[in-house]
Amino acid sequence: MRDRDMSLSGTMIWYYTICPRQVWLMSRQLNPDEDDPNLEYGRFLHERSYRKEKKELRIGSNAMDFVDMVDGTPVVIEVKKSSRTAGSARLQLAHYLLTLEEAGIKVKGQLRFPEERRREDVVLDDGLRSQVIAAREAVRRIIDQDRPPQVERTRWCSSCAYAGFCWA
Ligand code: SF4
(Lines give C-alpha, C1' and ligand atoms only; values in the text may rest on other atoms or scores of the structure.)
Protein backbone atom coordinates (compact mmCIF):
# COMPACT_ATOMS: atom_id res chain seq x y z
CA MET A 1 0.00 0.00 0.00
CA ARG A 2 1.19 3.51 -0.82
CA ASP A 3 2.39 5.58 2.11
CA ARG A 4 0.01 8.51 1.84
CA ASP A 5 1.68 10.68 4.45
CA MET A 6 5.17 10.20 3.05
CA SER A 7 3.78 11.49 -0.27
CA LEU A 8 2.25 14.50 1.38
CA SER A 9 4.99 17.03 0.86
CA GLY A 10 4.80 20.79 0.60
CA THR A 11 5.36 20.39 -3.11
CA MET A 12 2.19 18.28 -3.31
CA ILE A 13 0.23 21.02 -1.56
CA TRP A 14 1.66 23.47 -4.08
CA TYR A 15 0.73 21.26 -7.03
CA TYR A 16 -2.77 20.75 -5.62
CA THR A 17 -3.46 24.48 -5.78
CA ILE A 18 -2.16 24.63 -9.36
CA CYS A 19 -3.67 21.42 -10.80
CA PRO A 20 -4.88 18.22 -9.05
CA ARG A 21 -3.61 16.15 -11.98
CA GLN A 22 -0.04 17.16 -11.13
CA VAL A 23 -0.53 15.75 -7.63
CA TRP A 24 -1.48 12.34 -8.97
CA LEU A 25 1.35 12.29 -11.55
CA MET A 26 3.93 13.22 -8.90
CA SER A 27 2.56 10.62 -6.49
CA ARG A 28 3.34 7.95 -9.15
CA GLN A 29 6.87 9.33 -9.59
CA LEU A 30 5.97 10.40 -13.12
CA ASN A 31 8.34 13.33 -12.87
CA PRO A 32 8.05 16.27 -15.23
CA ASP A 33 10.47 17.04 -18.04
CA GLU A 34 13.71 18.02 -16.25
CA ASP A 35 14.79 20.06 -19.28
CA ASP A 36 11.66 22.18 -19.16
CA PRO A 37 12.79 25.84 -19.24
CA ASN A 38 10.51 26.75 -16.33
CA LEU A 39 12.16 24.16 -14.08
CA GLU A 40 15.63 25.15 -15.23
CA TYR A 41 14.92 28.82 -14.62
CA GLY A 42 13.50 28.11 -11.16
CA ARG A 43 16.68 26.21 -10.18
CA PHE A 44 18.88 29.00 -11.56
CA LEU A 45 16.93 31.70 -9.73
CA HIS A 46 17.08 29.83 -6.44
CA GLU A 47 20.82 29.25 -6.70
CA ARG A 48 21.65 32.78 -7.80
CA SER A 49 19.42 34.56 -5.28
CA TYR A 50 20.29 32.66 -2.14
CA ARG A 51 23.55 30.85 -2.76
CA LYS A 52 25.01 32.17 0.51
CA GLU A 53 22.05 31.06 2.60
CA LYS A 54 21.77 27.92 4.66
CA LYS A 55 20.85 24.64 3.04
CA GLU A 56 17.38 23.13 2.80
CA LEU A 57 15.66 22.08 6.01
CA ARG A 58 14.16 18.60 5.63
CA ILE A 59 11.40 16.97 7.67
CA GLY A 60 9.90 13.77 6.26
CA SER A 61 9.03 14.42 2.62
CA ASN A 62 9.28 18.16 3.11
CA ALA A 63 12.21 20.21 1.86
CA MET A 64 11.91 23.80 3.11
CA ASP A 65 14.12 26.30 1.32
CA PHE A 66 15.99 27.53 4.40
CA VAL A 67 15.65 29.14 7.82
CA ASP A 68 16.72 32.75 8.27
CA MET A 69 16.92 34.97 11.33
CA VAL A 70 14.48 37.88 11.07
CA ASP A 71 14.56 40.38 13.96
CA GLY A 72 16.34 37.77 16.06
CA THR A 73 13.72 35.08 15.42
CA PRO A 74 14.07 31.99 13.19
CA VAL A 75 11.75 32.17 10.18
CA VAL A 76 11.12 29.50 7.53
CA ILE A 77 11.75 30.98 4.08
CA GLU A 78 10.12 29.87 0.84
CA VAL A 79 11.49 31.40 -2.38
CA LYS A 80 9.31 31.75 -5.48
CA LYS A 81 9.80 33.02 -8.98
CA SER A 82 6.70 35.20 -9.09
CA SER A 83 4.00 36.51 -6.76
CA ARG A 84 1.45 35.42 -9.38
CA THR A 85 1.36 32.15 -7.44
CA ALA A 86 1.46 33.77 -3.99
CA GLY A 87 -1.74 31.98 -2.88
CA SER A 88 -0.24 28.57 -3.68
CA ALA A 89 3.08 29.49 -2.07
CA ARG A 90 1.29 30.69 1.07
CA LEU A 91 -0.49 27.34 1.44
CA GLN A 92 2.73 25.39 0.81
CA LEU A 93 4.55 27.41 3.46
CA ALA A 94 1.60 27.04 5.85
CA HIS A 95 1.89 23.27 5.42
CA TYR A 96 5.55 23.50 6.50
CA LEU A 97 4.62 25.65 9.50
CA LEU A 98 1.92 23.14 10.52
CA THR A 99 4.34 20.22 10.05
CA LEU A 100 6.83 21.96 12.35
CA GLU A 101 4.07 22.82 14.85
CA GLU A 102 3.07 19.14 14.92
CA ALA A 103 6.71 18.40 15.79
CA GLY A 104 6.53 20.89 18.68
CA ILE A 105 8.26 23.78 16.87
CA LYS A 106 6.25 26.98 16.47
CA VAL A 107 7.75 29.39 13.96
CA LYS A 108 6.64 32.01 11.46
CA GLY A 109 7.26 31.93 7.74
CA GLN A 110 8.16 34.35 4.99
CA LEU A 111 7.68 34.21 1.22
CA ARG A 112 10.39 35.83 -0.87
CA PHE A 113 10.10 36.88 -4.50
CA PRO A 114 13.65 38.00 -5.31
CA GLU A 115 12.86 39.05 -8.87
CA GLU A 116 10.26 41.47 -7.51
CA ARG A 117 12.29 42.41 -4.40
CA ARG A 118 9.22 41.50 -2.39
CA ARG A 119 8.67 39.67 0.90
CA GLU A 120 5.49 38.53 2.62
CA ASP A 121 5.24 37.33 6.22
CA VAL A 122 3.09 34.24 6.79
CA VAL A 123 1.59 33.38 10.18
CA LEU A 124 -0.24 30.11 10.77
CA ASP A 125 -3.50 31.49 12.17
CA ASP A 126 -6.72 29.49 12.55
CA GLY A 127 -7.98 30.33 9.07
CA LEU A 128 -4.78 29.28 7.33
CA ARG A 129 -4.52 26.16 9.49
CA SER A 130 -8.03 25.10 8.38
CA GLN A 131 -7.10 25.66 4.74
CA VAL A 132 -3.98 23.50 5.08
CA ILE A 133 -5.85 20.68 6.79
CA ALA A 134 -8.50 20.72 4.03
CA ALA A 135 -5.79 20.77 1.32
CA ARG A 136 -3.98 17.83 2.92
CA GLU A 137 -7.19 15.79 2.90
CA ALA A 138 -7.86 16.69 -0.73
CA VAL A 139 -4.31 15.65 -1.71
CA ARG A 140 -4.73 12.32 0.09
CA ARG A 141 -7.97 11.67 -1.79
CA ILE A 142 -6.31 12.39 -5.15
CA ILE A 143 -3.34 10.14 -4.34
CA ASP A 144 -5.73 7.30 -3.45
CA GLN A 145 -7.41 7.41 -6.85
CA ASP A 146 -6.47 4.62 -9.25
CA ARG A 147 -6.46 6.98 -12.22
CA PRO A 148 -5.30 10.57 -12.67
CA PRO A 149 -7.90 13.34 -12.66
CA GLN A 150 -9.13 14.17 -16.17
CA VAL A 151 -7.04 16.58 -18.20
CA GLU A 152 -8.53 20.02 -17.94
CA ARG A 153 -6.91 23.06 -19.41
CA THR A 154 -5.82 25.53 -16.77
CA ARG A 155 -4.14 28.90 -17.05
CA TRP A 156 -0.92 27.17 -15.97
CA CYS A 157 -0.83 24.51 -18.72
CA SER A 158 1.28 26.57 -21.13
CA SER A 159 4.08 26.87 -18.55
CA CYS A 160 3.64 23.41 -16.96
CA ALA A 161 6.47 20.89 -17.26
CA TYR A 162 3.82 18.17 -17.75
CA ALA A 163 2.33 19.91 -20.81
CA GLY A 164 4.01 17.48 -23.21
CA PHE A 165 2.55 14.57 -21.26
CA CYS A 166 -0.99 15.95 -20.99
CA TRP A 167 -1.40 17.57 -24.38
CA ALA A 168 0.83 15.58 -26.77
S1 SF4 B 1 -0.34 20.47 -18.38
FE2 SF4 B 1 -2.18 21.39 -17.45
S3 SF4 B 1 -3.54 19.63 -17.03
FE4 SF4 B 1 -1.46 18.81 -17.33
S5 SF4 B 1 -0.60 18.68 -15.26
FE6 SF4 B 1 0.03 20.65 -16.16
S7 SF4 B 1 -1.49 22.14 -15.45
FE8 SF4 B 1 -2.36 20.07 -15.14
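On a predicted model such as this, the values are computed, not experimentally measured, just so you know.

Per the secondary structure count, the protein includes seven helices and six strands. Looking at the protein residue by residue over its 168 residues, the buried ones come to 43%. When contacts within the protein are restricted to residue pairs at least 6 apart in sequence, those whose partners lie at least 24 apart make up 65%. Put simply, the protein shows about 9900 Å² of open surface, and 49% of that area lies on carbon and sulfur atoms.

So, about the site of the ligand. Every residue near the ligand is listed here: Cys-19, Gln-22, Glu-152, Thr-154, Cys-157, Cys-160, Tyr-162, Ala-163, Cys-166 and Trp-167. In terms of residue count, the dominant contributor to the shell around the ligand is helix H7 (residues 163–167) (three residues).

What follows deals with the side chain of Ser-9. Its place among the elements puts Ser-9 in the loop between helix H1 (4–7) and helix H2 (10–18). Its relative accessible area of 10% is what places Ser-9 among the buried residues. When sequence neighbours within four positions are dropped, the list of residues in contact with Ser-9 reads Ser-61, Asn-62 and His-95.

Residue pairs three or four apart in sequence face the same way in an α-helix, which turns once every 3.6 residues. Over its 19 residues, helix H6 (residues 126–144) extends 27 Å from the first C-alpha to the last, a length consistent with the 27 Å expected when each residue adds 1.5 Å. If you check which residues of H6 are buried, you get Leu-128, Arg-129, Val-132, Ala-135, Arg-136, Ala-138, Val-139, Arg-140, Ile-142 and Ile-143.

Further remarks concern the side chain of Arg-112. Within the element layout of this structure, Arg-112 appears in strand E5 (residues 108–113). Using a relative accessible area of 1% as the deciding quantity, one classes Arg-112 as buried. Within the structure, Arg-112 has its side chain in polar contact with the side chain of Gln-110 (distance 2.7 Å).

Let's shift gears to the sheet that holds strand E3 (residues 66–70). The four strands lie next to each other as E3-E4-E5-E6, forming an open sheet whose pairing is mixed. Of all the strands in the sheet, the pair left with one neighbour each is E3 and strand E6 (118–122). For this sheet, the mean inter-axis angle between neighbouring strands, taken without regard to orientation, is 35°. Inspection of the sheet shows strand E4 (residues 73–79) paired to E5 by five bridges, in the parallel sense. The partner of Ile-77 across the bridge, within E5, is Gln-110. Together, E4, E5 and E6 form the strand contacts of helix H5 (residues 86–102), whose direction differs from that of E5 by roughly 150°.

With that settled, the discussion passes to the environment of Lys-81. Note on placement: Lys-81 falls in the loop between E4 and H5. Through-space distance from the C-alpha of Lys-81 to that of Arg-112 is 8.6 Å; in sequence the pair is 31 residues apart.

Right, let's talk about the pattern of salt bridges for a bit. Applying the stated criterion across every chain yields a total of nine salt bridges. With its nearest N and O atoms 3.1 Å apart, the salt bridge here joins Asp-126 to Arg-129. With Asp-126 and Arg-129 both in helix H6, this residue pair falls three residues apart, about one helical turn. Judged by its relative accessible area of 19%, Arg-129 falls in the buried class. Close ionic contact of Arg-140 with Glu-137 constitutes a salt bridge, the shortest N to O distance being 2.8 Å. Taken together, the positions of Arg-140 and Glu-137, both in helix H6 and three residues apart, correspond to about one turn of that helix. A residue is classified by how much of its surface remains accessible, and Arg-140, at 14% relative accessible area, is buried. Among the charged side chains, a salt-bridge network with shared partners connects Glu-101, Lys-106, Asp-126 and Arg-129.

Rules behind the numbers
- Residues numbered from 1 in each chain as written.
- Predicted model: local features only at pLDDT ≥ 70, side-chain atom pairs only at ≥ 80, totals over all residues.
- Heavy atoms only, no water.
- Helix = DSSP H or I, 4+ residues; strand = E, 2+ residues; numbered from the N terminus.
- Buried < 20%, exposed > 50% of the residue type's maximum accessible area, 1.4 Å probe, protein only.
- Contact = heavy atoms within 4.5 Å.
- Areas by Shrake-Rupley, 256 points an atom, 1.4 Å probe, with all protein chains shown as cover.
- Near = heavy atom within 4 Å.
- Expected span 1.5 Å × (residues − 1).
- Polar contact = N/O pair within 3.5 Å; in protein donor to acceptor, adjacent residues only side chain to side chain.
- Pairing = 2+ DSSP bridges.
- Axes fitted to C-alpha atoms, helices over the stretch in contact; angles between N-to-C directions.
- Salt bridge = Lys/Arg side-chain N within 4 Å of Asp/Glu carboxyl O.

Purely geometric numbers; function is a separate question.
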